[in-house]
Amino acid sequence: MSYVDEVIESVIRENPNEPEFHQAIREVLDSLRPVVEANEQQYRRDALLERLVNPERQIKFRVPWIDDCGQVHVNTGYRVQFNSAIGPYKGGLRLHPSVNLGIIKFLGFEQIFKNSLTGLPIGGGKGGSDFDPKGKSDREIMAFCQNFMSELCKYIGADTDVPAGDIGTGAREIGYMFGQYKKLRGLFEGVLTGKGLSYSGSLARTEATGYGVLYITEEMLKCHGEKLEGKTIAVSGAGNVAIYAIEKAHQLGCRVVTCSDSTGWIYDPDGIDIDALKEIKEVKRERLSVYPDYRPNAEYHEGKGVWNVKCDVALPCATQNELTLEDAKQLVKNGVTAVAEGANMPTTMEATEYFQSNGVYFLPGKAANAGGVATSALEMSQNSERLSWSFDDVDAKLKEIMINLYHNIDRAAEKYGCGGNYVIGANIAGFEKVVNAMNAQGIV
Ligand code: NDP
């Protein structure tokens, strides 16, 4: 059996009931085969893949908090510090009832390669809790965030581990967590990113992931002799990534006709009204079902359906495994030419393969959505030098990072004879830097 297959088998055996983690390991290791085969003897001797697939540290803790009626609840908190070969652990905190150790491990593992691809010195980590922020009052959110941070603060720091937002963790939650960290540790330091602008956050961090998806998609199309301008786009999700992907797409002359949340989806033939969407989701924190009150021409549908809409480009920006083989077939039938993952692993492996074998340009999340963490790293730089850069400075750096990232993964795919396969390109390019650093630092 090959070394890669041995390691995949051992991960499945030693981490039972963690299907998302298995899926991420399989996807990455499968595409690393050419590199691993070229160095198999050394990697086996150094147990390199075993060290890569096992987190350096995983922390699981109890989070008790009191609701507005005086009832105590107990949630579980996680932080997986996966790999610090190239920098302090970096990765978001997800607050969603579906969170479990396997989900955090899949996200943390992906984060290693994504962070490496940004070209910035950040290692991979991820955390979160099965706490559900939906329907909670501000006081309850604060109670949870403070208790979560009371434990997490023992393991993080500006030079060790710097968490950020993710699903369910936006500016409000980061603010409460930062306040508690400062109180307990007595340190005003860049321990979290995605902070508010009044307390050392970075301009353009809120927009960065969504904007980055569009910058890299535009560059990819340009390199294939096509223009992004004028394209019709289908977006899923209505959170941070989706909102700013839609905003940038409109700025670049595209028309985004869909968005969704976990209860339903919108079709707006005139193009999603970004101001209405921000008001619904960022200000009022309402469901998408109210969108037609703002735009009478738009349709709201319960359930899932975004991928049945005719579009040139699809941007899945909600959650993992939301775009299945059936969806991919429908999109191809409707003439989609490019797919870029705003979310982490939103496309199933079968759907990804279907796109690739039908000539659709496919950008995996670890490349397409890396603009968020890249800008988080820029926030860390600003915090270290105690300066704030202008929006245009940060945005220009973000754009440059995304363009370089595209060329980096494109070259890596070419080098291993898989030109145009950006899944392989991203995994190999991300892996090479991490492995160089691991080898240089010895068996630790
Ligand atoms: P948000 O919480 O802001 O938004 C998530 C959106 O996806 C919401 O519209 C939500 O609907 C929907 N959603 C969440 N879970 C499900 C589900 N199980 N089924 C259907 N819809 C769902 O999160 P973000 O926009 O920050 O994150 C979206 C994705 O992008 C995630 O995969 C995240 O890991 C990834 N990502 C985020 C980055 C960032 O900077 N924020 C950076 C890189 C990746 P509802 O409100 O109804 O739950």
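Our subject is the structure listed above.
Quick notes on the rules
Residues numbered from 1 in each chain as written. Predicted model: local features only at pLDDT ≥ 70, side-chain atom pairs only at ≥ 80, totals over all residues. Heavy atoms only, no water. Buried < 20%, exposed > 50% of the residue type's maximum accessible area, 1.4 Å probe, protein only. Helix = DSSP H or I, 4+ residues; strand = E, 2+ residues; numbered from the N terminus. Pairing = 2+ DSSP bridges. 1 Å grid on protein atoms, 1.4 Å probe; cavity = no way out; pocket = protein on both sides within 12 Å on 5 of 7 lines; lining within 4 Å. Points joined across faces, edges and corners; volume = space filled by probe spheres on them. Nonpolar A, V, L, I, M, F, W, Y, C, P; charged D, E, K, R; others polar. Near = heavy atom within 4 Å. Polar contact = N/O pair within 3.5 Å; in protein donor to acceptor, adjacent residues only side chain to side chain. Areas by Shrake-Rupley, 256 points an atom, 1.4 Å probe, with all protein chains shown as cover. Disulfide = S-S within 2.5 Å. Axes fitted to C-alpha atoms, helices over the stretch in contact; angles between N-to-C directions.

A. Spatial organisation of the pairing of strand S6 (residues 232–236). Counting buried positions along S6 gives five out of five residues, so the element sits mostly inside the fold. Covered by surrounding structure in S6 are Thr-232, Ala-234 and Ser-236 together with Ile-233 and Val-235, the residues of both alternating faces. Summarising the sheet, S6 and strand S7 (residues 255–260) pair through three bridges and their orientation is parallel. Across the sheet, residue Thr-232 finds its bridge partner in S7, namely Arg-255.

B. Quick peek at the layout of surface pockets. Volume-wise, the second largest pocket comes out at about 390 Å³. Gly-190, Met-380, Ser-381, Asn-383 and Ser-384 are the residues nearest the centre of the second largest pocket, which is lined by 21 residues in total. Looking at the lining of the second largest pocket residue by residue, the class counts come to ten nonpolar, eight polar and three charged.

C. Representation of the site of the ligand in the model. As a matter of local geometry, the ligand sits amid 25 residues, with Asp-166, Thr-209, Ser-262, Arg-287 and Asn-344 nearest to it. Between Thr-209 and the ligand, the recorded distance is 2.7 Å, taken from a side-chain N or O atom to an oxygen atom. In this structure, Arg-287 approaches the ligand through a side-chain N or O atom, which is 2.5 Å from an oxygen atom. When the ligand sits alone it has 890 Å² of accessible area, and the protein chains cover 82% of it. Listing elements by their share of the shell around the ligand, those giving two or more residues are helix H9 (205–223) and helix H10 (240–251).

D. Broad picture of the state of the cysteines. Scanning the entire structure with this criterion turns up zero disulfides. The closest cysteine sulfur to the non-disulfide-bonded Cys-153 is located on Cys-145, 14 Å from its own sulfur. Given the relative accessible area of 5%, Cys-153 is considered buried. Counting only cysteine sulfurs, Cys-254 is the nearest neighbor of Cys-223, a cysteine outside any disulfide, at a range of 16 Å. With a relative accessible area of 40%, Cys-223 lands in the partly exposed category.

E. Spotlight on the sheet that holds strand S12 (residues 361–363). Strand order across the open sheet formed by seven strands is S9-S8-S7-S6-S10-S11-S12, with mixed pairing between neighbours. Of all the strands in the sheet, just strand S9 (299–302) and S12 have a single pairing partner and so form its edges. Each adjacent strand pair in this sheet contributes to an overall mean axis angle of 15 degrees, direction not counted. Both strand S8 (residues 264–267) and S9 contribute to a ladder of four bridges, which runs antiparallel. Looking across to S9, one finds that Ile-266 is bridged to Tyr-300.

F. Spotlight on the sheet that holds strand S3 (residues 89–95). Taken in spatial order, the five strands line up as S1-S2-S4-S3-S5 in an open sheet, and their pairing is mixed. Two strands in the sheet have a free side with no partner beyond their single neighbour: strand S1 (57–66) and strand S5 (161–164). Taking each pair of neighbouring strands and ignoring which way they run, the sheet shows an average axis angle of 20 degrees. Alignment of S3 against strand S4 (residues 123–129), held across five bridges, turns out to be parallel. For Lys-90, the partnering residue across the bridge sits in S4 and is Gly-124.

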